[in-house]
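Structural features, examined
Given next are the chains, with one letter for each unit.
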2 protein chains.
Amino acid sequence: MANVTKKVSWSSRDEGTGETTPLLNGAGKDSARYSRQFLNSSILGRLSAVVLDDQSNEDTETSCLKEIPHSEKLLSSKYESLDYDNSENQLFLEEERRMSSTEFRMLEISRWVVCALIGILTGLVACFIDIAVEQLAGVKYNVVKHSIDTFTEVGGLSISLILWAALNAAIVVVGSIAVAFFEPAAAGSGIPQIKCYLNGVKIPHVVRLKTLVIKVFGVISSVAGGLAVGKEGPMIHSGAVIAAGVSQGRSTSLKKDFKIFEYFRRDTEKRDFVSAGAAAGVSAAFGAPVGGVLFSLEEGASFWNQMLTWRIFFASMVSTFTLNFFLGIYHGKVGDLSNPGLINFGRFENEAMEYNIYEIPLFIFMGVMGGVLGAIFNTLNYWLTIFRIRYIHRPCLQVTEAVLVAAVTATVSFAMIYFSNDCQPLGENQAEYPLQLFCSDGEYNSMATAFFNTPEKSVRSLFHDPPGSYNPQTLGLFTLSYFLLAFWTYGLTVSAGVFIPSLLIGAAWGRLFGIFLASMTNGSIWADPGKYALIGAAAQLGGIVRMTLSLTVIMVEATGNVTYGLPIMLVLMTAKIIGDYFVEGLYDIHIKLQSVPFLHWEAPATSHALTAREVMSSPVTCFSRLEKVGNIVDVLSNAAMNNNGFPVVSEFSASAEPGRLCGLILRSQLIVLLKHKVFVERAHSSLIQRKLQMKDFRDAYPRFPPIQSIHVSQDERECMMDLSEFMNPTPYTVPQETSLPRVFKLFRALGLRHLVVVDEENRVVGLVTRKDLARYHLGKHGLEEMQISQT
Amino acid sequence: MANVTKKVSWSSRDEGTGETTPLLNGAGKDSARYSRQFLNSSILGRLSAVVLDDQSNEDTETSCLKEIPHSEKLLSSKYESLDYDNSENQLFLEEERRMSSTEFRMLEISRWVVCALIGILTGLVACFIDIAVEQLAGVKYNVVKHSIDTFTEVGGLSISLILWAALNAAIVVVGSIAVAFFEPAAAGSGIPQIKCYLNGVKIPHVVRLKTLVIKVFGVISSVAGGLAVGKEGPMIHSGAVIAAGVSQGRSTSLKKDFKIFEYFRRDTEKRDFVSAGAAAGVSAAFGAPVGGVLFSLEEGASFWNQMLTWRIFFASMVSTFTLNFFLGIYHGKVGDLSNPGLINFGRFENEAMEYNIYEIPLFIFMGVMGGVLGAIFNTLNYWLTIFRIRYIHRPCLQVTEAVLVAAVTATVSFAMIYFSNDCQPLGENQAEYPLQLFCSDGEYNSMATAFFNTPEKSVRSLFHDPPGSYNPQTLGLFTLSYFLLAFWTYGLTVSAGVFIPSLLIGAAWGRLFGIFLASMTNGSIWADPGKYALIGAAAQLGGIVRMTLSLTVIMVEATGNVTYGLPIMLVLMTAKIIGDYFVEGLYDIHIKLQSVPFLHWEAPATSHALTAREVMSSPVTCFSRLEKVGNIVDVLSNAAMNNNGFPVVSEFSASAEPGRLCGLILRSQLIVLLKHKVFVERAHSSLIQRKLQMKDFRDAYPRFPPIQSIHVSQDERECMMDLSEFMNPTPYTVPQETSLPRVFKLFRALGLRHLVVVDEENRVVGLVTRKDLARYHLGKHGLEEMQISQT
């Protein structure tokens, strides 16, 4: 099923224009044919070049299929970029120049205030999710236990099973319906989406209030519904949404503007807050404020600076503190700060937990295992996701699948509890929800514990229960079944994360490994199953998500013990290296399957042969400083050309010569200008016409109206618009000979959206955008180029 | 003494050229006077504008004074920049294009190998320093103890004092002589120098092998000599030097070329390794691999990317592991990994060490105290440093001062031991070097312990000794005297760091605070003096060096306990905010006093009014593509103009019109070309002339010969040189109207050395270099401009 659109066209960009220049030999390419044309044949050509080369496509709904990008060899053109480079036009500069240093200091203080708010709200949301899940789980446990107690004696255990499965499915269906029908952007963990956002890709709806609400309820329902999921990943998404909302001082959805933080209403500022929000989310989820900062860093370090780091750190700190404080109150211990995150691995403090140098090879071996198992997990999930994209893309089907998974999860759990006879004595430090089932009095079924607990508690039990708490068969069966359930569950249309299931799988086989070692060495003191459970958890998680630095810190902060830093690092590194050999990380797979034009850290190593000339889109639609309104409206309305930035040129000779670059204007700016009818003629005629301010642009941000909603009369079409004041007069430019890695570096380092390519006389010859750069990647046969799909 | 050159000239740049345009109103400035001229009157003007406006200057050696930059209101022009932007000329691109993806993979692997080597060597150096210091301290203790034991009875304690002072002074003098006479770059902690290096400033000799050797011996001597210093800061410098050496695969000093890692012989690659080395140094010093990564991040994040982060992390990990392993062997516990760093704060595990929410205000108060005390420390050290720059700049004087400080330190210590009567019972977990002195049998003098131990052990004792181990008077006296000694010692011409003294001062007053709290609350369980000692240590260190994120992680990793993360963060944040209110951090003060053109993270907030036009140096010396050798030699030999980059222009009309930019060539490249006599005429005449390769440039890196060493005959002066192949054909450019923050962002984000300013027809009108940007800073009266000094 992986062969969907395997055909990689090496000359797809040229098909439309009829040129046959091979991609890697563009030096002699004819670059003199620059003309100002609105119907960009090259773009059309590129669009039509998208051929779904899928012979085995039995699905009859071809149109429906085409709407869903489903190949990692395509880049979707539906994603817009965010603009992390300020448009420094005259209005902006005038405003900045008017501001005194005191005002700048106030701005700085308000940034800190926003970060504090982000931290507090993220902590509160985490707290709410935690308490809600715990309450629901308690209710569920009581109902099922009551049913088991009642029916076991009369031999009707199947009634309990049905009750349990129905209960789980009912809880899950609520969340799934909310996600599938109301806000599909709330599905999954949200981490891939946040990665994309920080990378500069605008994923629709990803930072909206509605998404947050659905996400929170979705997480509660899927965790309480007993799915093999965690609530930690979604916290990162929640934090990001909170940040995006708070920092704007208004809610566009609720149509409520608090008239504060107006200065922050642009992509650059918003992104900084979103990374703070993501960090606060990690911090609340794992009690790992430093890990949170590092997470944001690993995902979006290109725009980093020291003050920002500190603000992000502050937000993380406040978030974990808030969660800690309120969970302390909930647990009746006011002022106790020992609940730093949603998951806490507990303290590793006894002697057996120390490790020695001869265990290092064992750790590395576990890292290899984690890498291999992670690769298997990711590959299975990749196939499943392709299947889902092709066949399960209607909301009702998605909900059905979710219900099915919930029921199967319950059934598998029940079956395993039924067939396992792993009874353990009821101790003092035992699970909160012990189930006796077929065990003798004073004992409990350990398999039931593993399935009935919230996954967080199961992880903790695997780490800390004394040796002998689980028998090997139980663990083996549990690993296998949970592995299958987890890979099936990830990507389901519910809000849920993959961190905890990964940890749980790893902890189970890690503990198994520890038990095996203990039996091999006749129970040496160092062969503590809890320690190996921890290492296994790290290995499995690293093998699936492939984070290293941030994950090490998160794990260390969650265990509360730095001693394990070194082995965890080793294991994560190994797991990453091994895993990367086979397949990418889970988040990257999902990003690719969505055809997102994601920019990696650097251009492919072998891409020095390409230059801006080959990479750029050309010819480019330009405007003059003084442009006819009709022209602008025509260009913006042209559906075939969804450009978002237009170079402004100084002169327009009738010849084929392109104009000299004197600025860059964005579609969104033009729309605001058209809306306010800032025409040269009107400026003279109407005396009361007020001057356009930065505020007008900020008010329209981020949901600029479509061009269709703006009415321009026939008379107005003949008016002229003076763009000088509104365009960015100093866009970044590169000469045509610039190599791709150099273009890439400039583009990535400054978070650009448009980069103008000029000739030696500063005439516009092309425009480089995100998709032009994201197209190239290093495949098995060297440099490959992806196609741009329409959807 | 702080009023040296307080006069800030607002028009110093224009004095020379005779223009009187006020700085902040350059819009109407005449920008048409661009002419190609070699004797740049503007630069001369700027140089002569340096007036030392110091009325109270009694020093007669004015010439000597002038050689030493000593004001924070000047920028020295003696510092060159590093070139963190690759010069992508034809040679380079051809080489890159020839490389297959396998070769790139091999390169990537060799980067990892280099990082492993860096880690191993840094760990070994740390190990060597640690063992050497311990051995020397042991010898010294035995000698002094023997002397005390012998002479106390005969009443001649003063003999012991003299012996001790002489011993300390003798040890210190060795290190000080080495530093002062052989390698002044090895003085101090080296952290400011590494900060500058990562920022892009070339500090002479800072990453040479000789510096490393002197540094290592210097640290051993100053720590063993009983000065109030630590060996942790210098580890960071050592790691950086090791990295710079290993990554180049040769030693220029030893004239030994291993012919490996040749690809890494340029500033861009070298910088990446240097940041790995610095991280490995932190990691070895504090057993804090994550802290090390964050340290490098806080100091140089502008060039960060994910792969680099992982390599740096790997180097850190290997470094701490190596140290751990070898110290384990040294301590006779092979395979024991419990010595992760040079300093280890010990385990904080008992109940009393937990904190509660009502202690938060106390922590914040301690943060405030740390900030205030840190500011006092920094201010005192600032005055002292100015005094030193003016009066103690000859090596012999510097050595004398070091000896004096050593003797005074010993005397003060001895006096305090003599007058203190703080006797403590000899327990089991007591200090390694107990001194009985005037205490009864079975007791030891706790003040003597504090002074006789290595500072690392004293810190640990303050953290962990049970309540009652120190009496308040002892601690108070100790804090005061150590504070004064430490501020006097930092900046001395010895290799030594300020981390440990800061921690020690903080731990002392923190413990005092804890004792006070305990007596206030009648000995509540939570008022544990050890815990408050830890918080005090963090507060004091934070108040002096003003790091937050990395320091938090370093402290957490050194305590081995994440629980303290939150209070440490709070305290460090508070200390930073309070401290910054008064004065800058210690490292920044020293960087400023050296007049280093250090680029901060962002341009001053209120600098939007300035544009590239006002900021740039103009007119610029340009070359044509085909340039006469004589011209090039003349320009390069011109001492008054130390430009390092020259725009290459396409045409040269006789008119005043500047040429169109077609490339940028560096002084170092021209020197290599001249050395190899790459003249157009010779290419035709001599058949055997081989083509110049990237290798020739790499071989000359980094110590390019001066122009004076290259002989060019009169005939050769008439030859022509074709620069096309060697210049960077795609330098980054900005239009003249670009605002300063925008120029700054581009420059800083890409680590540029030269940024060409062009007009709307791509003609060269100016050049922006580091000094042009570093000049502007936000002073008390708004935006201020610093002068450029000649020295």
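Since the model is a prediction, treat every value here as computed from it, not as a measurement.

Parameters at a glance
- The written sequence of each chain sets the order in which its residues are numbered from 1.
- Each chain takes a letter, starting from A, and each ligand takes a number, starting from 1, following the order in which they are written.
- For this predicted model, a pLDDT threshold of at least 70 governs which residues receive local features, and a threshold of 80 or more governs which side-chain atom pairs are given and counted, while totals over whole chains, interfaces and linings are taken from all residues.
- Note that the side-chain values use all heavy atoms of the structure and ignore hydrogens as well as water.
- Secondary structure is summarised from DSSP: a helix means a run of H or I of at least four residues, a strand means a run of E of at least two, and numbering begins at the N terminus for each.
- Exposed residues in this analysis have more than 50% of their type's maximum accessible area, buried residues have under 20%, and partly exposed residues fall in between, with area computed by a 1.4 Å probe over protein chains only.
- We call two residues in contact when some of their heavy atoms are within 4.5 Å.
- Under the convention used here, a 1.4 Å probe and the Shrake-Rupley method define accessible areas, while residue burial counts only the protein chains that appear.
- Alignment of the copies relies on least squares applied to C-alpha atoms, considering only residues that score at least 70 for pLDDT in both.
- UniProt positions are given in the numbering used here, feature names are shortened, and annotations may be inferred rather than shown by experiment.
- The buried area of a pairing is the accessible area, by a 1.4 Å probe, that goes missing from both parts when the two are put together, added over both.
- For this analysis, a salt bridge means a side-chain nitrogen from Lys or Arg found within 4 Å of a carboxyl oxygen belonging to Asp or Glu.
- The definition of a polar contact used here is a pair of N or O atoms within 3.5 Å, where within protein one atom must be able to donate a hydrogen and the other to accept one, and adjacent residues in sequence count solely through side-chain atom pairs.
- Should DSSP find at least two bridges between two strands, the strands are taken to pair.
- For helices, the axis comes from a line fit to the C-alpha atoms of the stretch in contact; other axes are also lines fit to C-alpha atoms, and the angle between any two N-to-C directions lies between 0 and 180 degrees.
- Pairing of aromatic rings covers Phe, Tyr and Trp, the last through its six-membered ring, and needs centres within 6.5 Å; plane angles under 30 degrees mean stacked, over 60 mean edge-to-face, and all others mean tilted.
- Any helix carries an expected span of 1.5 Å times its number of residues minus one.
- To count toward a patch, a residue needs a relative accessible area above 30% and no salt bridge. Like charges then connect within 9 Å, nonpolar side chains (Val, Leu, Ile, Met, Phe, Trp, Tyr) within 5 Å.

Points about the overall build of chain A
When helices and strands are tallied, chain A shows 30 helices and 18 strands. Burial status across chain A gives 64% buried among its 791 residues. By sequence separation, contacts in chain A at least 24 residues apart represent 79% of the contacts at least 6 residues apart. Of the roughly 28,200 Å² of accessible surface on chain A, a fraction of 61% belongs to carbon and sulfur atoms.

Here's the deal with the relation of the copies chain B and chain A
For these two chains of identical sequence, chain B goes onto chain A by a turn of 180 degrees and a shift of 0.0 Å along the axis, with RMSD 0.0 Å. The superposition of one copy onto the other is thereby described by a two-fold rotation axis. When you check the interface residues of chain B against chain A, 100% turn up at the interface there too, and the contact is symmetric in its surfaces.

Side note on the environment of His 590 of chain B
With respect to the secondary-structure elements, His 590 of chain B resides in helix H22 (residues 586–593). Excluding anything up to four places from it in sequence, His 590 of chain B contacts Asn 381, Thr 385 and Tyr 490 of chain B.

Description of the UniProt feature "domain: CBS" (unreviewed entry) in chain A
UniProt marks residues 727–785 of chain A with the feature "domain: CBS" (unreviewed entry), using the numbering shown here. Between the first and last C-alpha atoms of residues 727–785 of chain A the distance is 33 Å; the span itself is 25% helix and 37% strand.

Section: the environment of Ala 539 of chain B
Residue and element names in this part refer to chain B. Here Ala 539 is to be found in helix H19 (residues 529–545). Residue Ala 539 is classed as buried on the basis of its relative accessible area, which comes to 0%. For the pair Ala 539 and Ser 502, spaced 37 residues apart in sequence, the C-alpha to C-alpha distance is 9.1 Å. Each residue touching Ala 539, except ones within four places of it in the same chain, is listed here: Met 366, Gly 367, Gly 370, Gly 371, Trp 509, Val 571 and Ala 575.

Considerations on the interface of chain B and chain A
Taken together, the contacts link 83 residues of chain B with 83 residues of chain A. Across the chain B/chain A interface, buried area totals approximately 7,100 Å², and carbon plus sulfur atoms make up 66% of it. Our count for the chain B to chain A interface comes out at six salt bridges. As a salt-bridge pair, Glu 761 of chain B and Arg 660 of chain A come within 3.2 Å of each other at their nearest N and O atoms. For the interface between chain B and chain A, the tally reads 18 residue pairs in polar contact (both at pLDDT 80 or more). For the side of chain B that touches chain A, the secondary structure elements donating two or more residues are helix H4 (90–98), helix H5 (101–151), helix H11 (289–300), helix H12 (306–330), helix H20 (549–559), helix H21 (565–582), strand E13 (733–735) and helix H29 (740–749) of chain B.

Points about the sheet that holds strand E11 (residues 661–666) of chain B
All names here are of chain B. Strands sit in the order E8-E10-E11 across an open sheet of three strands; the sheet is mixed. Since the sheet does not close on itself, it has two edges, and those belong to strand E8 (623–624) and E11, each with one partner. Pairing analysis gives five bridges linking strand E10 (residues 645–649) to E11, with the strands arranged antiparallel. Residue pairing in the sheet places Pro 647 in a bridge with Leu 664 of E11.

Quick notes on the side chain of Ser 247 of chain B
Residues and elements named next belong to chain B. Mapped onto the fold, Ser 247 is located in the loop between helix H9 (232–246) and strand E4 (250–251). For Ser 247, a relative accessible area of 0% puts it in the buried group. Only 3.2 Å separates the side chain of Ser 247 from the side chain of Gln 248, close enough to count as a polar contact. Sequence-distant contacts of Ser 247, that is, excluding residues within four places in its chain, are made with Val 114, Phe 261, Phe 264, Lys 270 and Phe 273.

A closer look at the sheet that holds strand E11 (residues 661–666) of chain A
Residue and element names in this part refer to chain A. The three strands are arranged E8-E10-E11 in an open sheet whose pairing can be described as mixed. The outermost strands of the open sheet, each flanked by one partner alone, are strand E8 (623–624) and E11. Examined bridge by bridge, E8 and strand E10 (residues 645–649) share two bridges and lie parallel to one another. What sits directly across from Ser 624, in E10, is Val 649. The sheet strands contacting helix H25 (residues 667–675) are E8, E10 and E11, and the helix crosses E11 at an angle near 75 degrees.

Considering the pattern of salt bridges
Tallying each qualifying case throughout the model produces 57 salt bridges over all chains. Arg 717 of chain B is paired through a salt bridge with Asp 634 of chain B; the nearest N and O atoms lie 2.9 Å apart. Note that Arg 717 of chain B is positioned in helix H28 (residues 714–717) and Asp 634 of chain B in helix H24 (residues 629–637), a separation of 83 residues in sequence. Via salt bridges that share partners, Arg 660, Glu 761 and Arg 763 of chain A together with Arg 660, Glu 761 and Arg 763 of chain B belong to a single interconnected network.

Considering the environment of Leu 163 of chain A
Residues and elements named next belong to chain A. Topologically, Leu 163 is positioned in helix H6 (residues 157–182). Placed ten residues apart in sequence, Leu 163 and Val 173 show a C-alpha to C-alpha distance of 15 Å. Not counting residues up to four positions away in its chain, the partners in contact with Leu 163 are Val 143 and Ser 147.

Side note on the packing of aromatic side chains
Residues and elements named next belong to chain A. The tally for this structure, following the rule as stated, stands at 34 aromatic pairs over all chains. Between the aromatic rings of Phe 478 and Tyr 482, the centroid separation amounts to 5.2 Å while the plane-to-plane angle is 20 degrees, which identifies the pairing as stacked. Of this pair, Phe 478 and Tyr 482 both sit in helix H17 (residues 472–489), separated by four residues, roughly a single helical turn. Given a relative accessible area of 6%, Tyr 482 falls into the buried group. In textbook terms, an aromatic cluster arises when at least three aromatic residues are bridged by ring pairs, as seen for Phe 261, Tyr 263, Phe 264 and Phe 273.

Remarks on helix H18 (residues 499–520) of chain B
Residue and element names in this part refer to chain B. Along its 22 residues, H18 runs 31 Å from first to last C-alpha, staying within 8% of the 32 Å computed at 1.5 Å per residue. The element H18 is largely enclosed, with a buried count of 17 among its 22 residues. Positioned one or two residues after H18, Asn 522 has a phi angle of 55 degrees, which is positive.

Here we look at a nonpolar patch on the surface
All names here are of chain B. On the surface, a nonpolar cluster with roughly 820 Å² of combined accessible area is contributed by Met 106, Ile 109, Val 113, Leu 117, Ile 120, Leu 121, Leu 124, Phe 326, Ile 329 and Val 334. Among the elements of the structure, H5 and H12 are those that each provide at least two residues to the nonpolar patch. No other element matches H5, which puts seven residues into the nonpolar patch. Tracing the backbone shows Met 106 in helix H5.

Description of the side chain of Gln 398 of chain B
Residue and element names in this part refer to chain B. You can see Gln 398 is positioned in helix H14 (residues 395–419). With relative accessibility at 17%, the residue Gln 398 sits in the buried group. Ignoring anything within four residues of it in the chain, the contact list for Gln 398 reads Ser 176, Ala 180, Ile 392, His 393 and Thr 493.

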